[in-house]
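Per-entry structural report
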2 protein chains.
Amino acid sequence: MPNSAPATIEDVARIAEVSIATVSRAIHTPDKVAKSTRQRVNQAIAITGYTTNAMARSLRMGRSNMILILAPDIGDPNFSSTLIGLENEARAHGYGVLIGHTQNDPERGLEYLKFLSSGQATGLVLFTGHEPFGHQVLGQRLPPSVAVFEPVFGSKISYVGVDDVAGARKAAEHLLSAGHRSIAFIGDSKTRLGHQRRRQGFDIALDAARIPPNQRFVLEGEGTIESGRLAVEQLFMRDQLPSAFMCVNDATAVGVLNGLTARGYDLPHDFSVIGFDDVPQATYVNPALTTIRQPRTAIGRQAMSLLIKSLGDRTMERQEILLMPDLIVRGSVTGPARR
Amino acid sequence: MPNSAPATIEDVARIAEVSIATVSRAIHTPDKVAKSTRQRVNQAIAITGYTTNAMARSLRMGRSNMILILAPDIGDPNFSSTLIGLENEARAHGYGVLIGHTQNDPERGLEYLKFLSSGQATGLVLFTGHEPFGHQVLGQRLPPSVAVFEPVFGSKISYVGVDDVAGARKAAEHLLSAGHRSIAFIGDSKTRLGHQRRRQGFDIALDAARIPPNQRFVLEGEGTIESGRLAVEQLFMRDQLPSAFMCVNDATAVGVLNGLTARGYDLPHDFSVIGFDDVPQATYVNPALTTIRQPRTAIGRQAMSLLIKSLGDRTMERQEILLMPDLIVRGSVTGPARR
DNA sequence: AATTGTAAGCGCTTACAATT
DNA sequence: AATTGTAAGCGCTTACAATT
């Protein structure tokens, strides 16, 4: 029943009958200690259950092997699978991750930034789409950082995400090839770069199909379920209806589906709907949502890989890695209804 | 453009023209330093942007003010709002939280436990339903801990969660008062204590209504969407059908809804369905799910409050705090169909 | 040249002593 | 009694010296 305080390097040294320096070397640079000594040390480690105190180590070395992940909303369906990619890649390189849940609260963000300045973390992953609030307040330079999902506007922070333009184009082309000619775009944004790029992909596809842009079929929205519902209502107050809805993301699409169902339409017979993201919920709305899948785990993996590289090479320039998304065909798209 | 290393207590001391001991006291026990000195120190802090190095502080003091939260799956819809309750309460008491995402991987769990033994964290919140793997391996006692959502079986770890029996009873009574007499229970479990308690609540309600138990209407399941779908299929292979489905949780209910819809039934007209948890998705399945709401944020808040108390008083005994859940009426329950 | 130990120091807190 | 400073030490890593 080993109780008491955890073993320190001192305990190990005493048992192995060496100095603490030798213990440290046996652990971190084993080839610098004689084989027999190394064995005695390893035995002592086994006996004591020693693990090195990360705080003391980081304090002494002036850096840690922890990466801080700043996320405004841990409940975001895009977050958890990306996190897994981040974690696995970090681990493979001997790094650990610290999750900073900011709840979009600048104060919390600031608190987590202290992990950086105090050396508890050395690198930064941003889910936020903007530089952390008040990092200038702290009077510190940002450490090596990488943004995921949403590029950081006007910053030299690297970015790993999906190719929004290409993905949206795929979505629109799927609708077009099903025969749709009047397609609404739901979720136009003046502020979110990623959503603007999706709009761009939509425009390109329609243009390539020689369909003239129709501004009345482009509705704004902030990418929430509620905004999708709202867009449907707005559209129904006008004279003309599209035969298909291309939504800026799945949340919007779920809202559109809801709004349409609430109005008594039979989907996908009456209207086709396509989303973007492929969140877990996409499979169990009714009809199941045809959408564009973000390669989330791969995004996480690549982002971490890039970050670790730039940890080793501080002169590395900004990079943007765009991954290609896939079309996932489920039940919400079919040919246009005869009306 | 303040660059360079972050300010240390030494920098502050030099500018304020005091010793570092005085700086430390000015920060942590301000009434022990003269007012004029305190002011000079505060000014120096403002100038330098100093924040105390948490690692050095914890190392010196032998304890930190961080709570480790061990979660097997951050994507679980129950997690994020509970986390907010935990975080807010921790913060109100000057504690921070560290999120350990174990992915159900014992090795990862073990890694995070080192935060405890190295003093990077002092308390533990468990979402796992079991003691962390291998904490005996580390040869260490568990620190003050509290479990949420799933009590830790056979352990003296305190527990804060919903009153499953009472909640399930409410659900069943809602079905009964809508006129249902043949109700299936989907998601019976041999292993999950919380789910067993829900089953218990169900039995109690039926018994109180003098409805004899019907074992053919009790189907096992692990609480996933898939298991809900499966249960529907199993039921339809039998001779007799219930008029309502009481599901052990919302995920199961979504599966049941799906399975029923896929078979062409009109819900809730043909069958009523009730869930448990009130996950975010419950609002946008079709029909919207009537369910029992877990007071997630409150659970988080109370759990953290209890934990912090036991941090102050190590002799505290195990406690179990059961919060009362509410019935949330939406669209998935109505009277039984005439058939 | 290979192996080991000595001692300093990372940034803090706090017991104790010293000063007013 | 109120206020301040001195110095030790938390658990480590590593430059340097010492030994073989």
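Above this note sits the structure.
Since the structure is predicted, the reported quantities are computational estimates derived from the model, not experimental observations.

Okay, the interface of chain B and chain A next. Each partner contributes to the interface: chain B provides 50 residues, whereas chain A provides 51 residues. Interface area for chain B against chain A, summed over the two sides, is near 4,300 Å², with a carbon-plus-sulfur share of 55%. Taken together, the connections running from chain B to chain A amount to 4 salt bridges. Counting across the interface, chain B meets chain A through 10 residue pairs in polar contact (both at pLDDT 80 or more). If you list the elements that add at least two residues to the side of chain B that touches chain A, you get helix 4 (54-61), helix 5 (79-92), strand 2 (96-101), helix 6 (106-117), helix 9 (225-236) and helix 10 (250-262) of chain B. Residue composition of the side of chain B that touches chain A, grouped by class: 22 nonpolar, 19 polar and 9 charged.

What follows is about helix 3 (residues 35-48) of chain B. All names here are of chain B. In this model helix 3 runs 20 Å from its N-terminal to its C-terminal C-alpha over 14 residues, within 8% of the 20 Å that 1.5 Å per residue would give. Listing the buried residues of helix 3 in full gives Thr37, Val41, Ala44 and Ile45. With its buried residues spanning 105° around the axis, helix 3 presents them on a single face. Of the exposed residues in helix 3, the ones pointing more than 90 degrees away from its buried face are Lys35, Gln43, Ala46 and Ile47. Against the buried residues of helix 3 lie helix 1 (9-16) and helix 2 (20-28). Gly49 lies just past helix 3 and shows a positive phi near 70°.

Turning to the nonpolar core, a few remarks are in order. One finds Val125 and Met246 of chain A together with Val125 and Met246 of chain B to be the most contacted residues of the largest nonpolar core, which totals 123 residues. With near-sequence residues (within four places) excluded, Val125 of chain B lies in contact with Ile67, Leu68, Ile69, Leu70, Leu86, Val146, Val148, Met304 and Leu307 of chain B. With 23 residues, the next largest nonpolar core counts Ile186, Cys247, Leu267 and Val285 of chain B among its residues.

Residue and element names in this part refer to chain B. Strand order in the open sheet formed by 4 strands is 7-6-8-9, with parallel pairing between adjacent strands. Looking along the sheet, the strands with just one partner apiece sit at the ends: strand 7 (218-220) and strand 9 (272-274). Neighbour to neighbour, the strand axes of the sheet diverge by 20° on average, direction disregarded. Here 3 bridges tie strand 8 (residues 244-247) to strand 9, and the two strands are oriented parallel to one another. In the sheet register, Ala244 faces strand 9, and the bridge partner there is Ser272. Its contacts with the sheet place helix 7 (residues 164-177) against strand 6 (183-188), strand 8 and strand 9, and it is angled at close to 170° to strand 8.

Let us now look at the packing of helix 9 of chain B against helix 10 of chain B. Residues and elements named next belong to chain B. At their nearest, the axes of helix 9 and helix 10 sit 6 Å apart, and the two run at 45° to each other. The orientation of helix 9 with respect to helix 10, classified from their angle, is oblique. As for how helix 9 packs across helix 10, the hand of that crossing is right-handed. Of the residues in helix 10, those touching helix 9 at Ile225, Ser227, Gly228, Arg229, Val232 and Phe236 are Ala251, Thr252, Val254, Gly255, Val256, Asn258, Gly259 and Leu260. Residues belonging to the contact of helix 9 with helix 10 are distributed by class as follows: 7 nonpolar, 6 polar and 1 charged.

This brings us to the protein's contact with DNA strand C. For DNA strand C, the set of nearby residues contains 27 residues, the closest of which are Thr37 and Arg60 of chain A together with Ser24, Arg57 and Arg60 of chain B. Contacts to DNA strand C include Ala56 of chain B, whose backbone N or O atom sits 3.2 Å from a base nitrogen. Among the elements of the structure, helix 2 (20-28) and helix 4 (54-61) of chain A together with helix 2 and helix 4 of chain B are those that each provide at least two residues to the surface near DNA strand C. For the surface near DNA strand C, the element with the most residues is helix 2 of chain B, which contributes 5 residues. Of the residues contributing to the surface near DNA strand C, the split by class is 11 nonpolar, 9 polar and 7 charged.

Another aspect to go through is the pairing of strand 5 (residues 158-162) of chain A. The side chains of a regular strand alternate, first on one face of the sheet and then on the other. Residue and element names in this part refer to chain A. Within strand 5, 5 of the 5 residues are buried, which leaves the element mostly enclosed by the surrounding structure. Summarising the sheet, strand 4 (residues 145-148) and strand 5 pair through 3 bridges and their orientation is parallel. Note that in strand 5 the partner of Val148 across the bridge is Val160. Pairing of strand 5 with strand 11 (residues 320-323), which is carried by 4 bridges, proceeds in the parallel orientation. Bridge pairing in strand 11 places Val160 opposite Ile321.

Rules behind the numbers
- Residues numbered from 1 in each chain as written.
- Chains lettered and ligands numbered in written order.
- Predicted model: local features only at pLDDT ≥ 70, side-chain atom pairs only at ≥ 80, totals over all residues.
- Heavy atoms only, no water.
- Contact = heavy atoms within 4.5 Å.
- Buried area = accessible area lost by both parts, 1.4 Å probe.
- Salt bridge = Lys/Arg side-chain N within 4 Å of Asp/Glu carboxyl O.
- Polar contact = N/O pair within 3.5 Å; in protein donor to acceptor, adjacent residues only side chain to side chain.
- Helix = DSSP H or I, 4+ residues; strand = E, 2+ residues; numbered from the N terminus.
- Nonpolar A, V, L, I, M, F, W, Y, C, P; charged D, E, K, R; others polar.
- Expected span 1.5 Å × (residues − 1).
- Buried < 20%, exposed > 50% of the residue type's maximum accessible area, 1.4 Å probe, protein only.
- Arc of directions from axis to C-beta.
- Core = buried A, V, L, I, M, F, W, Y, C linked by side-chain atoms within 4.5 Å.
- Pairing = 2+ DSSP bridges.
- Axes fitted to C-alpha atoms, helices over the stretch in contact; angles between N-to-C directions.
- Parallel < 35°, antiparallel > 145°, perpendicular 65-115°, else oblique.
- Left-handed = near helix turned anticlockwise from the far one by under 90°.
- Near = heavy atom within 4 Å.

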